[in-house]
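A closer look at the structure
Take a look at the letters that make up each chain.
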Amino acid sequence: MPKALITGITGQDGSYLSELLLGKGYEVHGLIRRASTFNTERLDPIYQDPHSKRAHLFLHYGDLSDSVSTFKLIDEIQPDEVYHLGAQSHVRVSFDIPEYTADVTGTGTVRLLEAIRGACPQARFYQASSSEMFGLVQEVPQRETTPFYPRSPYGAAKVFSYWLTVNYRESYNMHASNGILFNHESPRRGETFVTRKITRAVARIQAGIQDKLYLGNLDAKRDWGYAPEYVEAMWLMMQQEKPDDYVIATGETHTIREFLDLSFAHAGIKDWESLIEIDPRYYRPAEVELLIGDATKAKKQLNWSPKVTFAELVRIMTEADIAMLKHQMSGKDIRK
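Below: a short report on this structure. (Residues numbered from 1 in each chain as written. Predicted model: local features only at pLDDT ≥ 70, side-chain atom pairs only at ≥ 80, totals over all residues. Heavy atoms only, no water.)

1. What to know about the pairing of strand β6 (residues 176-181)
Extensive coverage of β6 is indicated by the burial of 6 of its 6 residues. In this sheet, β6 lies alongside strand β5 (residues 124-130) in parallel orientation, the contact comprising 6 bridges. Counted as the bridge partner of Phe125 is Ala176 from β6. With helix α6 (residues 153-172) bridging β5 and its parallel neighbour β6, the resulting β-α-β unit is right-handed. Here β6 pairs with strand β11 (residues 245-248) via 4 bridges, running parallel. Across the sheet, the residue bridging to Ile180 is Val247, located in β11. (Buried < 20%, exposed > 50% of the residue type's maximum accessible area, 1.4 Å probe, protein only. Helix = DSSP H or I, 4+ residues; strand = E, 2+ residues; numbered from the N terminus. Pairing = 2+ DSSP bridges. Right-handed = clockwise from strand over helix to strand, strands pointing away.)

This is the structure:
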């Protein structure tokens, strides 16, 4: 039975990846931080599904800021594959806590790669790179050869981790790959991220328990895909004979206004403009106006391509938040 270690297992991608790997017969280990509150809700579908093979899921306390616990965990588990998804991943927040973002999102990758090199060098490594590395885009669309120009502490930390992954691959002959994933969303997206913030607010406005939705730049263009499809691309990268770097994207770009229009339409609300308030606090000090990826390499080498359309993604997320709110209002303790 192959073993996988996932950092950031309690996040959107970590939970979907866990389900995927368990379904493929893996023993899955996840790194979680010791916090004052439990943050494992996204793993509930695994524990609630009698066919999920949850007996093969193990959670370990640790922290990417602690090299000792990271090394001990790698040495103890001896994983075949390590998926590094853990990070301070909120771009706007990274401007408020840049040092912490650099430590966890950037230097945390050093600690993990060093632990693998020292305790389990045969393990295959996946680095969750980001389209935010392109920032002020140097070409359209963005592909693996596009120069990076990050516009946030988060993006800069991800660029550091990207090149570190390449360096360890070339210096120590490690099977280390970068997945440059463009925006990917789902009902499990964090509530502070704009897409989930929108669909959650739409559900609450429809139910009459929220009046306004406060947002920043409505004209930012993003390449949005469906998270469960993107974690499959992660796994495919790890199955290749040779490690490499891949852009994972839909090749389409849409504005936040388009997302709003579709989401409110699914809730039966046509004139949504009066429900939106622009709050300058949600603008980034340096904006990223356009991101659109070219996943040709992934299509050719991984045989991967996105299937869920933008409109379908918005429908899935909006309907999920409407359904969840109805359950909450009816007094049932059912979490997505």
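There's plenty left to go through after this.
2. A few points about unusual backbone geometry
Residue Pro141 is reached from Val140 by a cis peptide bond, and omega for that bond is -5°. By the element assignment, Pro141 lies in the loop between β5 and α6. We note that Asn173 has phi near 60°; this positive angle belongs to a residue other than glycine. Taking the relative accessible area as the measure of exposure, Asn173 reaches 72% and is therefore exposed.

3. What about empty space enclosed by the protein?
Tallied over the entire structure, the rule returns 1 cavity of 30 Å³ or more. Of the voids in this model, the largest cavity is the one considered here, and its volume is about 30 Å³. Grouping the amino acids of the lining of the largest cavity by side-chain chemistry returns 5 nonpolar, 2 polar and no charged. (1 Å grid on protein atoms, 1.4 Å probe; cavity = no way out; pocket = protein on both sides within 12 Å on 5 of 7 lines; lining within 4 Å. Points joined across faces, edges and corners; volume = space filled by probe spheres on them. Nonpolar A, V, L, I, M, F, W, Y, C, P; charged D, E, K, R; others polar.)

4. Some details on the packing of aromatic side chains
Inspection of every chain in the model, using the stated rule, returns 12 aromatic pairs. A ring pair is formed by Phe148 and Tyr162, whose centres lie 4.9 Å apart and whose planes are at 80°; its orientation type is edge-to-face. Here Phe148, found in the loop between β5 and α6, pairs with Tyr162, found in helix α6; they are 14 residues apart in sequence, far enough to count as distant. Judged on exposure class, the residue Phe148 and its partner Tyr162 are both buried. For the ring pair Tyr162 and Trp163, a centre distance of 5.0 Å and an interplane angle of 90° mean the geometry is edge-to-face. Three or more aromatic residues joined by ring pairs make a cluster, and in this case those are Phe134, Phe148, Tyr162, Trp163 and Phe182. (Phe/Tyr/Trp six-rings, centres within 6.5 Å; stacked < 30°, edge-to-face > 60°.)

5. Some words on helix α3 (residues 67-77)
Along α3, the residues classified as buried are Thr70, Leu73, Ile74 and Ile77. Viewed along the axis of α3, the buried residues span an arc of 95°, placing them on a single side of the element. Exposed residues lying more than 90 degrees from the buried face of α3 are Val68, Lys72 and Glu76. On its buried side, α3 packs onto β1 (3-7), β2 (27-32), β3 (57-61), β4 (81-84) and α5 (98-119). Of the residues that open α3, the one with a side-chain oxygen 3.2 Å from the backbone nitrogen of Val68 is Asp66. (Arc of directions from axis to C-beta. Contact = heavy atoms within 4.5 Å. Polar contact = N/O pair within 3.5 Å; in protein donor to acceptor, adjacent residues only side chain to side chain.)

6. Observations regarding a negative patch on the surface
A grouping of Glu258, Asp261, Asp271 and Glu273 is seen on the molecular surface, where their side chains present a negatively charged patch. You can see Glu273 is positioned in the loop between α9 (256-266) and β13 (276-278). (Patch = residues over 30% accessible without salt bridge, like charges linked within 9 Å, V, L, I, M, F, W, Y side chains within 5 Å. Areas by Shrake-Rupley, 256 points an atom, 1.4 Å probe, with all protein chains shown as cover. Salt bridge = Lys/Arg side-chain N within 4 Å of Asp/Glu carboxyl O. Lys, Arg positive; Asp, Glu negative; His and termini not counted. Charge placed at Lys NZ, Arg CZ, Asp CG, Glu CD.)

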